[in-house]
Amino acid sequence: MKPHIFMLTIPQVDGGTNISIKLRWSQKLLYNDGQFTLTVPFSFPEYVTPAVRKISKKEKIQLNVNSGIVTGILCKATSHPLKETKRHAEKFSFLYESEVLTWSKTDFSFSYSVSSSNMFGGVLLQSPPLYDHDQRDMFCVYLLPGSQKSTEVFKKEVVFVIDITDSMQGRPLEATKNAISSAMSKLGPEDSFNIITFSSETSLFSTSMELASKEAIERATTWLSTKSTVEGSTCISIPLEHAYEMLSNTSGSLPMIFLITDGAVEDERNICDQMKKRLKNSGSLCPRIHTFGIGSFCNHYFLRMLAMIGRGEFDAVCDLDLIDNRIQKLFSNAFSTVLADITVDAFNDHEQIEVYSSCIPDLSFESPLTICGRYEGSFPDTLKAKGILGDLSSFVMDLKIVRAKDIPLDRVLSRQEIDLLTAQAWLSENKQLEQKVAQLSKVTCNISEYTRMVLLEKNKIDKAIESSGAQKVKKTDPHKIKDPLAPRKTLLQSLSVGFGDLTATAENIRPGFEQQKLPDAAEVFLKATSDCCGRMCNRCCCMCCIQCCSKMNDQCAIVLTQIFTALAFIGCIECCTLCCGQDGQ
């Protein structure tokens, strides 16, 4: 129905029927100060608890942790009373099981830390599964910043490049201004900065870089507050060139460009090619390019590729309420860089190793770094990672190589692999890369730009035939003869972001105004819930539902009692809530 809402009709449900729902998804662990945290939605509203009589319900959480790191792992905190059932090297198992009258009102969270205070890293190797289209072995290099806060970060020279076309009017521009003002306040007196705004024309806060003094930041904040959106086309290349020129002669500091836009432009491939040539000739500590996209009209893959070329980070949001928080997170990661110009010795000398990211990004104190790829033949026995520290001294670390037997690297890395390869396919217009992404999408069940999700409904007869091992007779003409046992297929709407919208950008259509034709059933559902607040459950990492602000009547409570009584949480399974309108339909 919408990017985070799915609706599935379950017909002929009688009272007392048990309905089992299993969802599988992948999510990144949160990382802060050397500590990893898993958070899973596990709070259930009052109206999903049976209201007619007290019925005992079962909650069960089984947690298996495979850190991939043999030593130095400490379990820190958990939201529910987990009992440790197994511990072996880097693997832990926990269990929580309880009979309750009211389902959990607290999301499940679990934290563990890596005790090392210094930067360290390793390599995980794994053979491909049988269903993998690419039968080369996989590798994943990980670098962790450690928990030593005294590690010196780089002196910074920062240029903020901001889109102020009319489509940014309202929340997008205001949230961007707030985030930039907050970021400037975190710069040290030895850092320098500048601000460039653009639409069809370019405007500079200062003709040269300004030291981040209190007075300069106040002037910049005032100047930025006067900037409002203007009519005109979007031109990215000129302000980007201005920013690069301002940072081209820096020394002893880490130069950074932050590009924030909600639109797409025609010369995006040319911009990538030009910046690649410029950065290649810039030597050590060349300008980093960090990009942030707002809405679906901008080309996320252009922004991702630009960040990849510039050794920076990319992020994007379609939910306008998240802009401020996510931009500030991007700034925070970049400002806390502790290791730059990272190289891994074997990558340049080994022709049989393919690294998906052409340029390795910097390591931030706020976030671990992973580098993935494929290789043929034997992997080097020893590996070293090199880089430059914040005090401009050289740093070398040995990477321990481990054959990961129980970590499904193909699943863990598939999202990163699809995104990076799609950006490369877009830039090179390579059809073979597109096919590679499509195959990877199908075998790992990850959304891509070159595949669509299909809902299959299998009936009991179909399942019985499959379980008995009987073979179906192939129809000679499927258009004339319909197989009654064949599963019904429903093509779901595309959930990918696309490659930008030049027309919407030219017409300055604002983010969030994307018009989508909903299925008839979806329109009925939305009409029935028109009195709901319509806020998305942002904390849900699965494809979840909306939150209802209206009160439920007794009929709703009875229906929900029947539906939710048998639902249980097992492992990483989330039961979505049901939203009901005031009329109880």
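What you see is a predicted model; the values in this text were computed from it and never measured.

*Asks:* Outline the sheet that holds strand S5 (residues 83-88), supporting the account with residue identities and numerical values.
*Replies:* Taken in spatial order, the 3 strands line up as S3-S6-S5 in an open sheet, and their pairing is antiparallel. Two strands bound the open sheet, and with one partner strand each, they are strand S3 (57-66) and S5. Averaged over all neighbouring strand pairs, the angle between strand axes comes to 10°, with direction disregarded. Relative to strand S6 (residues 91-100), S5 is paired through 5 bridges, and the arrangement is antiparallel. Counterpart to Glu84 in the pairing with S6 is Phe94.

*Asks:* Now, about the pattern of salt bridges: what can you tell me, with residues and values included?
*Replies:* Per the stated rule, a full pass over the model turns up 22 salt bridges. A salt bridge links Asp191 to Lys156, with the nearest nitrogen and oxygen atoms 3.7 Å apart. With Asp191 in the loop between helix H1 (171-185) and strand S11 (192-198) and Lys156 in strand S10 (residues 156-163), this residue pair connects regions lying 35 residues apart in the sequence. Classification of Asp191 as buried rests on a relative accessible area of 1%.

*Asks:* So what's going on with the packing of helix H5 (residues 300-309) against helix H9 (residues 414-428)? Which residues, and what values?
*Replies:* Packed helices, taken two at a time, are described by the angle their axes make and the gap between the axes. Two numbers describe how H5 lies on H9: the axes approach to 9 Å, and their chain directions differ by 100°. Viewed along their axes, H5 and H9 adopt a mutual orientation that is roughly perpendicular. Of the residues in H9, those touching H5 at Tyr301, Phe302, Arg304, Met305 and Met308 are Asp419, Leu420, Thr422, Ala423, Gln424, Trp426 and Leu427. Counted by class, the contact of H5 with H9 contains 8 nonpolar, 2 polar and 2 charged residues.

*Asks:* Run through the sheet that holds strand S21 (residues 384-389), naming residues and quoting values.
*Replies:* Read across the sheet, 4 strands follow the order S19-S17-S21-S22 without closing on themselves; strand pairing throughout is antiparallel. Edge positions in the sheet fall to strand S19 (363-364) and strand S22 (394-398), since each of these pairs with one other strand and no more.

*Asks:* Could you give me a rundown of the layout of surface pockets, with the residues and numbers involved?
*Replies:* Approximately 340 Å³ is the volume found for the second largest pocket. Here the lining of the second largest pocket is composed, by residue class, of 7 nonpolar, 4 polar and 4 charged. Counting contributing residues per domain, the lining of the second largest pocket is built from domain 2 (120-149 + 341-407) and domain 3 (156-335), each supplying no fewer than three.

*Asks:* An account of the packing of H1 against helix H2 (residues 214-225) is requested, with residue identities and associated values reported.
*Replies:* The interhelical angle for the contact between H1 and H2, taken along N-to-C directions, is 175°, at an axis separation of 10 Å. In terms of orientation, H1 lies roughly antiparallel with respect to H2. Two secondary-structure elements touch here, H1 through Lys177, Ile180, Ser181, Met184 and Ser185 and H2 through Ile217, Ala220, Thr221, Leu224 and Ser225. Each residue belonging to the contact of H1 with H2 can be placed in one class, and the counts come to 5 nonpolar, 4 polar and 1 charged.

*Asks:* So what about the packing of aromatic side chains? Which residues, and what values?
*Replies:* Scanning all chains against the criterion turns up 18 aromatic pairs. Aromatic pair Tyr301 and Phe499: ring centres 5.1 Å apart, planes at 45°, arrangement tilted. Taken together, the residues Tyr301 in helix H5 and Phe499 in the loop between strand S25 (488-491) and helix H12 (502-506) connect sequence positions 198 residues apart. The exposure class assigned to Phe499 is partly exposed, which follows from its relative accessible area of 29%. The rings of Phe139, Phe347, Tyr375 and Phe379 are connected pair by pair, giving a single aromatic cluster. Sitting above the plane of the Trp103 ring, Lys57 keeps its charged end 5.8 Å from the centroid.

*Asks:* Pulling in residues and values, what's your account of the side chain of Asp137?
*Replies:* Relative to the elements of secondary structure, Asp137 occurs in strand S9 (residues 137-144). The buried charged residue Asp137 lacks any salt bridge, with Arg403 as its nearest oppositely charged partner at 4.4 Å. With residues up to four places along the chain from it excluded, the contact list for Asp137 reads Gln126, Ser127, Pro128, Gly373, Arg374, Tyr375 and Arg403.

*Asks:* An account of the pairing of strand S15 (residues 288-294) is requested, with residue identities and associated values reported.
*Replies:* The element S15 is largely enclosed, with a buried count of 7 among its 7 residues. Where burial is concerned, the two faces of S15 agree: the one with Arg288, His290, Phe292 and Ile294 and the one with Ile289, Thr291 and Gly293 are both buried. As for the winding sense of the linkage, the β-α-β connection from strand S14 (residues 254-261) through helix H4 (residues 268-280) to S15 is right-handed. You can see the chain leave S15, run along H5 and come back into strand S16 (residues 314-317), and the turn it takes is right-handed.

*Asks:* Any chance you could break down helix H6 (residues 323-335) for me, citing the residues and the numbers?
*Replies:* Compared with the 18 Å implied by 1.5 Å per residue over 13 residues, the 18 Å span of H6 between its first and last C-alpha is a close match. Every buried residue of H6 is accounted for by Ile323, Ile327, Leu330, Phe331, Asn333, Ala334 and Phe335.

*Asks:* Before we move on, can you summarise a nonpolar patch on the surface with the specific residues and values?
*Replies:* On the surface, Val454, Leu456 and Leu491 cluster together into a nonpolar patch covering about 280 Å² of accessible area. Position of Val454 among the secondary structure elements: in strand S24 (residues 454-457). When its relative accessible area of 43% is taken as the criterion, Val454 is described as partly exposed.

*Asks:* Give me unusual backbone geometry: which residues, what numbers.
*Replies:* A positive phi angle, near 70°, is found at Leu392, a position not held by glycine. Note on placement: Leu392 falls in the loop between S21 and S22. With a phi close to 55°, Asn508 is a non-glycine residue in the positive phi region. Mapped onto the elements of the fold, Asn508 is located in the loop between H12 and helix H13 (520-528). In this structure Asn508 comes out as buried when scored by relative accessible area, which is 8%.

*Asks:* Go over the nonpolar core, please, and point to the residues and values.
*Replies:* If you look at the biggest cluster of nonpolar residues, it comprises 74 residues, and the most contacted ones within it are Leu63, Phe108, Phe110, Ile271, Phe302, Met305 and Leu306. Top contributing element to this core by residue count: H5, with 8 residues. Dropping the residues within four chain positions of it, Phe302 is found in contact with Ile236, Glu268, Ile271, Cys272 and Trp426. Ala183, Leu187, Ile294 and Leu330 belong to the second largest nonpolar core, which has 39 residues in total.

*Asks:* I'd like a description of the side chain of Asn333, backed by residues and values.
*Replies:* With respect to the secondary-structure elements, Asn333 resides in helix H6. Given the relative accessible area of 6%, Asn333 is considered buried. Excluding anything up to four places from it in sequence, Asn333 contacts Glu313, Ser364, Glu366 and Ser367.

*Asks:* Just give me the short version of the state of the cysteines, but keep the residues and values in it.
*Replies:* Under the criterion given, the structure shown has 0 disulfides. Considering cysteine sulfurs only, Cys372 is the nearest to Cys140, which forms no disulfide, with 6.5 Å between them. Taking relative accessible area as the criterion, Cys140 reaches 6% and is therefore assigned buried.

Rules used in this analysis
- Residues numbered from 1 in each chain as written.
- Predicted model: local features only at pLDDT ≥ 70, side-chain atom pairs only at ≥ 80, totals over all residues.
- Heavy atoms only, no water.
- Pairing = 2+ DSSP bridges.
- Helix = DSSP H or I, 4+ residues; strand = E, 2+ residues; numbered from the N terminus.
- Axes fitted to C-alpha atoms, helices over the stretch in contact; angles between N-to-C directions.
- Salt bridge = Lys/Arg side-chain N within 4 Å of Asp/Glu carboxyl O.
- Buried < 20%, exposed > 50% of the residue type's maximum accessible area, 1.4 Å probe, protein only.
- Parallel < 35°, antiparallel > 145°, perpendicular 65-115°, else oblique.
- Contact = heavy atoms within 4.5 Å.
- Nonpolar A, V, L, I, M, F, W, Y, C, P; charged D, E, K, R; others polar.
- 1 Å grid on protein atoms, 1.4 Å probe; cavity = no way out; pocket = protein on both sides within 12 Å on 5 of 7 lines; lining within 4 Å.
- Points joined across faces, edges and corners; volume = space filled by probe spheres on them.
- Domains from an automatic or database assignment.
- Phe/Tyr/Trp six-rings, centres within 6.5 Å; stacked < 30°, edge-to-face > 60°.
- Lys NZ or Arg CZ within 6 Å of the ring centre and 35° of its normal.
- Lys, Arg positive; Asp, Glu negative; His and termini not counted.
- Right-handed = clockwise from strand over helix to strand, strands pointing away.
- Expected span 1.5 Å × (residues − 1).
- Patch = residues over 30% accessible without salt bridge, like charges linked within 9 Å, V, L, I, M, F, W, Y side chains within 5 Å.
- Areas by Shrake-Rupley, 256 points an atom, 1.4 Å probe, with all protein chains shown as cover.
- Core = buried A, V, L, I, M, F, W, Y, C linked by side-chain atoms within 4.5 Å.
- Disulfide = S-S within 2.5 Å.

Function-wise, these values are silent; they only describe arrangement.
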